Amino acid sequence: MEQTRVYLYQTTLDTAYTDKKDSIVLPTNVKKVVGICPNLTRGMGYISVINEKTNDILVNQVRVLDDNAHWNEKNIPVLNRPEANNLFYVFRMINGENERTNDCKLKIYVSYLEE
């Protein structure tokens, strides 16, 4: 029986840099990715999420900003079978609002069906 689970990837971004590229390592039991929800605290930018091996674009230049909406409301439905691959994201910072510590938090919620 398939169950929907949510994987949380989070990282701290330095606002002195304008972009970040990194890999999202998914759990081994991921059968199908059904949703992606990017969330950013103390900043604004654009994000693209790509399947690392097949180069399928799951999310293309979606605006990410600091708002108080629940992650279920911002969830972007996608359908991708990663086939034991990881996801790759490219983030471009437009505005970093934290002047004291120069860091923002990027969270990417990946909803998936497990085997």
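A brief structural summary. (Residues numbered from 1 in each chain as written. Predicted model: local features only at pLDDT ≥ 70, side-chain atom pairs only at ≥ 80, totals over all residues. Heavy atoms only, no water.)

## Quick notes on the sheet that holds strand β6 (residues 76–80)
Applied cut-off: The pairing criterion is simple: DSSP has to find at least two bridges between the two strands. Counting from the N terminus, the helices are the DSSP runs of H or I reaching at least four residues and the strands are the DSSP runs of E reaching at least two. To define axes, lines are fitted to C-alpha atoms, for helices over the stretch in contact only, and angles between the resulting N-to-C directions are given on a 0 to 180 degree scale.
Spatially, four strands are ordered β1-β8-β3-β6 in an open sheet, and the strand pairing comes out antiparallel. The open sheet terminates on both sides in strands that have one partner only, identified here as β1 (3–14) and β6. Ignoring which end each strand starts from, the neighbouring axes of this sheet average 25° apart. With ten bridges joining them, strand β3 (residues 30–41) and strand β8 (residues 103–114) adopt antiparallel strand pairing.

## Focus on the state of the cysteines
Put simply, the test is: Any pair of cysteine sulfurs within 2.5 Å is marked as a disulfide.
With the rule as written, the count across this model stands at zero disulfides. Of all cysteine sulfurs in the structure, the one in C104 sits closest to C37, which takes part in no disulfide; the separation is 17 Å.

## Structural notes on the pairing of strand β5 (residues 57–65)
Bridge count between strand β4 (residues 43–51) and β5: six bridges; the pairing is antiparallel. Of the residues in β5, the one forming a bridge with I50 is I57. Between the end of β4 and the start of β5, which pair antiparallel, lie five residues, with N55 showing a positive phi angle near 60°.

## Things to note about unusual backbone geometry
With a phi angle near 60°, N55 is a residue other than glycine that sits in the positive phi range. Inspection of the secondary structure assignment puts N55 in the loop between β4 and β5. The backbone phi angle of Q61 is positive, close to 50°, even though this residue is not glycine. Its place among the elements puts Q61 in strand β5.

## Some details on the nonpolar core
As a reminder of what qualifies: What is meant by a nonpolar core is a set of buried Ala, Val, Leu, Ile, Met, Phe, Trp, Tyr and Cys residues, joined one to another through side-chain atoms within 4.5 Å. Relative accessibility under 20% of the residue-type maximum defines a buried residue, over 50% an exposed one, and the middle range a partly exposed one, all with a 1.4 Å probe and only protein chains included. The contact criterion used is simple: two residues touch if any of their non-hydrogen atoms lie within 4.5 Å.
Counting residues in hydrophobic clusters, the biggest one holds 23 residues, and the most contacted among them are I36, Y89 and I108. Of all the secondary structure elements, the ones that give two or more residues to this core are β1, β3, β4, β5, β7 (87–96) and β8. Take this core: its biggest share by element is five residues, from β8. Not counting residues up to four positions away in its chain, the partners in contact with Y89 are Y9, T11, K20, K21, D22, I24, I47, S48, V49, L106 and I108.

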